[in-house]
Amino acid sequence: MTNEIVTAAMLAIGDELLSGRTKDKNIGHLADILTAVGIDLEEVRIVPDEEDRIVEALNALRGRYDYIFTSGGIGPTHDDITADAIAKAFGVPCEHDAKAMKLMGDNYAARGIEFTESRQRMARMPRGSVHIDNPVSTAPGFNIGNVYVMAGVPSVFQAMLDNIIPTLKVGKQLMSRSVNCPFGEGAIAVPLREIQAAHPDTIIGSYPKYENDRFSTELVIRARDAEKLVAAEAAVKEMVAQIASETALR
């Protein structure tokens, strides 16, 4: 672990995500895992199955963040073009990887299934890539530079991510505290803004709720330094108590 901040972005690829036909489950999972290990997921983009759009988005992201994780587009069909797009972004050929061809060929042979040309597409990756093992369905993902390319199927994405995480540089984890506030955001917006300004090394988020015909707000304070976290939490609790006192006097 390092004390520096380690950042990441995700590029989710697929027409089916943008049309709403497929409901993404990978973004939330990635965010949970990265936060837990100390990597800040700072941006997520969703792009269609169009090579130029994938290349454009990837090149914009990979120079800005420490790690880029992609999902989708590495299957056997004509619209699975992620490997070609990644290769184009890096300026290298996209080719059948010998190790992947043998791995998948042996797997299909053991199951008595023909290793067709379409299935062989799943063994294609940019030259110089390193495999990301796939314990679910064998066909590997791949890593090139700071880009990690994984399947869109959630169970496969999660399994691949499990194999990647131990290899990554991680930063100091964000700690968090929650304060339940019985008032709506309108009542706390101004003092909360002042608390955030007074505690710049923290992140204070407000999450409104409406239950039993009443508004309330969950306030979440995040920081990498325990003392700064505690100080900001105390300020938030004091604010809630002050507003409660003023409300009782009305």
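Residues numbered from 1 in each chain as written. Predicted model: local features only at pLDDT ≥ 70, side-chain atom pairs only at ≥ 80, totals over all residues. Heavy atoms only, no water.

Q: Run through the overall build of the chain, naming residues and quoting values.
A: Looking only at helices and strands, one finds 9 helices and 11 strands in the chain. Since a compact globule built from 250 residues should have a radius of gyration of about 18 Å, the 23 Å found for the chain marks it as more spread out than a globular shape. Along the longest, intermediate and shortest principal axes, the C-alpha atoms of the chain span 80 × 40 × 35 Å. The proportion of buried residues among the 250 residues of the chain is 43%. Split by element, the accessible area of the chain, about 13200 Å² in all, is 50% carbon and sulfur. With 26 positive and 35 negative side-chain charges, the chain shows a spacing of 1 Å between the two charge centroids. (Helix = DSSP H or I, 4+ residues; strand = E, 2+ residues; numbered from the N terminus. Rg over C-alpha atoms; globule rule 2.2 N^0.38 Å. Buried < 20%, exposed > 50% of the residue type's maximum accessible area, 1.4 Å probe, protein only. Areas by Shrake-Rupley, 256 points an atom, 1.4 Å probe, with all protein chains shown as cover. Lys, Arg positive; Asp, Glu negative; His and termini not counted. Charge placed at Lys NZ, Arg CZ, Asp CG, Glu CD.)

Q: An account of the UniProt feature "domain: MoaB/Mog" (unreviewed entry) in the chain is needed here, citing residue identities and associated values.
A: Taken from the UniProt record, the annotation "domain: MoaB/Mog" (unreviewed entry) applies to residues 9-172. Along residues 9-172 one finds 40% helix and 21% strand; the C-alpha atoms at either end are 18 Å apart. (UniProt positions renumbered as here; feature names shortened; annotations may be inferred.)

Q: An account of the packing of helix H2 (residues 26-37) against helix H7 (residues 154-164) is requested, with residue identities and associated values reported.
A: Angle between the axes and distance between the axes: these two values describe a pair of packed helices. Where H2 contacts H7, the two axes come as close as 10 Å, and the packing angle between them is 20°. Comparing their axes, H7 and H2 come out roughly parallel. Along this stretch, H2 crosses H7, giving a crossing that reads as right-handed. Contacts between H2 and H7 involve Asn26, His29, Leu30 and Ile33 from the first element and Pro154, Phe157, Gln158 and Leu161 from the second. (Axes fitted to C-alpha atoms, helices over the stretch in contact; angles between N-to-C directions. Parallel < 35°, antiparallel > 145°, perpendicular 65-115°, else oblique. Left-handed = near helix turned anticlockwise from the far one by under 90°. Contact = heavy atoms within 4.5 Å.)

Q: Can you explain the pattern of salt bridges? Please cite residues and give values.
A: Enumeration over the complete set of coordinates arrives at 12 salt bridges. Note that Arg45 is salt-bridged to Glu43, the shortest N-O span being 2.8 Å. With its nearest N and O atoms 2.7 Å apart, the salt bridge here joins Arg124 to Asp84. With Arg124 in strand E5 (residues 124-126) and Asp84 in helix H4 (residues 82-90), the pair connects residues that are 40 residues apart, well separated along the chain. (Salt bridge = Lys/Arg side-chain N within 4 Å of Asp/Glu carboxyl O.)

Q: So what's going on with a negative patch on the surface? Which residues, and what values?
A: The grouping of Asp15, Glu16, Glu50 and Asp79 at the surface amounts to a negative patch. A relative accessible area of 38% places Asp15 in the partly exposed class. (Patch = residues over 30% accessible without salt bridge, like charges linked within 9 Å, V, L, I, M, F, W, Y side chains within 5 Å.)

Q: Go over the sheet that holds strand E11 (residues 214-223) with me, naming the residues and quoting the values.
A: Within the open sheet, the 3 strands sit side by side as E9-E11-E10. Their pairing is antiparallel. Among the strands making up the open sheet, the edge pair consists of strand E9 (175-181) and strand E10 (202-211). Along the sheet, successive strands turn relative to each other by an average axial angle of 20°, direction set aside. As defined by bridge partners, E9 adjoins E11 across 7 bridges and the pair is classed as antiparallel. By the bridge assignment, Val179 is partnered in E11 with Leu219. Where helix H8 (residues 185-198) meets the sheet, its contacts fall on E9, E10 and E11, and the angle it forms with E10 comes to roughly 175°. The strands touched by helix H9 (residues 226-249) are E9, E10 and E11; relative to E9, the strand with the most contacts, the crossing angle is about 5°. (Pairing = 2+ DSSP bridges.)

Q: Which residues make up the domain arrangement of the chain, and what values do they have?
A: In terms of domain boundaries, the chain breaks down into domain 1 (6-167) and domain 2 (175-249). Computed over C-alpha atoms only, the centres of domain 1 and domain 2 are separated by 39 Å. (Domains from an automatic or database assignment.)

Q: Give a description of H8 that names residues and reports values.
A: Relative to the 20 Å expected for 14 residues at 1.5 Å per residue, H8 spans 19 Å between its end C-alpha atoms, a close match to the ideal helical length. The sharpest bend along H8 measures roughly 35° and falls at Pro191. Among all positions in H8, only Ile188, Leu192 and Ile195 are buried. In the core, the buried residues of H8 are packed alongside E9, E10, E11 and H9. (Expected span 1.5 Å × (residues − 1). Bend = angle between axes of the 7 residues up to and from the residue.)

Q: Describe in detail unusual backbone geometry, supporting the description with residues and values.
A: Even without a glycine there, the phi angle at Thr138 is positive, about 75°. Topologically, Thr138 is positioned in the loop between strand E6 (130-132) and strand E7 (141-144). Exposure remark for Thr138: the relative accessible area of 17% places this residue in the buried category. In this model, Asp213 sits at a positive phi of 60°, which is unusual for a non-glycine residue. Relative to the assigned elements, Asp213 resides in the loop between E10 and E11.

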